[in-house]
Amino acid sequence: MERFKDILKASNLKSTHQRLAILECIDTHGHIDIETLFELILQKYPTMSKATLYRNINDLLAFYILEEVKLPQQKQKYEIKKVPHIHLLCSQCDTVEDIFVETNALFETISSQSGFQIQKSFIVMNGVCKRCLSKK
Ligand SMILES: [Zn+2]
Ligand SMILES: [Zn+2]
């Protein structure tokens, strides 16, 4: 909670209970779509409307506190903005994991081979997660 208060403060955004609840919920789930988030927020704030949720999400996106996660064949999800990372998408249980690995060398190879200047990247690896593999 304190961590998010500081993050909001750094962006000059008010630390409302609603914003903190939204951030906390997204943080707990890692990656979450708006419908699931709305259901969870309603358990805590039964009076919150979807419009209010969207407005808050848009504010948090505008200040780069949240980030959109667009995964193939999945509903759009949101996550707390982190350092650049790679997404591991499990084809069996649909969970998304973050993996933090150094990508500079890869990007340099791509740039030198193609002459393409990379500004932004979104990398997804499709496969089967550790949990699903251990079930077999
Ligand atoms: Zn899995
Ligand atoms: Zn992520």
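As the structure is a computational prediction, the values presented were derived from the model and not from experiment.

> Looking at this structure, how should I read the coordination of the zinc ion (ligand 2)?
Around the zinc ion (ligand 2), the protein contributes the donor atoms His31 (NE2), Glu79 (OE), His85 (NE2), His87 (NE2) and Asp98 (OD), which lie 2.0 to 2.3 Å from the metal centre. Mapped onto the sequence, the residues coordinating the zinc ion (ligand 2) show the spacing H-x47-E-x5-H-x1-H-x10-D. Histidine 87 matches histidine 85 in its accessibility class, with the two residues each being buried.

> Looking at this model, I keep getting lost on the pattern of salt bridges. Mind explaining?
As a working rule, side chains carrying opposite charge can pair if their charged atoms are close by. Inspection of every chain in the model, using the stated rule, returns nine salt bridges. In this structure, the salt-bridge partner of arginine 3 is aspartate 27, at a minimum N-O distance of 3.4 Å. In this pair, arginine 3 is assigned in helix 1 (residues 2-10) and aspartate 27 in helix 2 (residues 17-29), connecting sequence segments 24 residues apart. Residue aspartate 27 is classed as partly exposed on the basis of its relative accessible area, which comes to 33%. When the shortest N-O distance is used, the salt bridge between glutamate 68 and lysine 70 registers 3.6 Å. What makes glutamate 68 partly exposed here is its relative accessible area of 38%.

> Help me out: how do you make sense of the domain arrangement of the protein chain in this one?
The extent of an interface is frequently quoted as the accessible surface area lost upon association of the parts. Per the domain assignment, the segments making up the protein chain are domain 1 (2-80) and domain 2 (86-135). In this structure, domain 1 and domain 2 have C-alpha centres spaced 24 Å apart. Taken residue by residue, the interface counts eight residues in domain 1 and seven residues in domain 2. A buried area of about 640 Å², summed over both sides, lies between domain 1 and domain 2, and 61% of it is on carbon and sulfur atoms. Considering only the surface of domain 1 that becomes buried against domain 2, His31, Leu71 and Gln74 emerge as the three largest contributors, covering 57% of it. Taken together, the links from domain 1 to domain 2 amount to zero salt bridges.

Basis of the calculations
- Residues numbered from 1 in each chain as written.
- Chains lettered and ligands numbered in written order.
- Predicted model: local features only at pLDDT ≥ 70, side-chain atom pairs only at ≥ 80, totals over all residues.
- Heavy atoms only, no water.
- Donors = N, O, S within 2.8 Å, 3.2 Å for Na, K, Ca; no water.
- Buried < 20%, exposed > 50% of the residue type's maximum accessible area, 1.4 Å probe, protein only.
- Salt bridge = Lys/Arg side-chain N within 4 Å of Asp/Glu carboxyl O.
- Helix = DSSP H or I, 4+ residues; strand = E, 2+ residues; numbered from the N terminus.
- Domains from an automatic or database assignment.
- Contact = heavy atoms within 4.5 Å.
- Buried area = accessible area lost by both parts, 1.4 Å probe.

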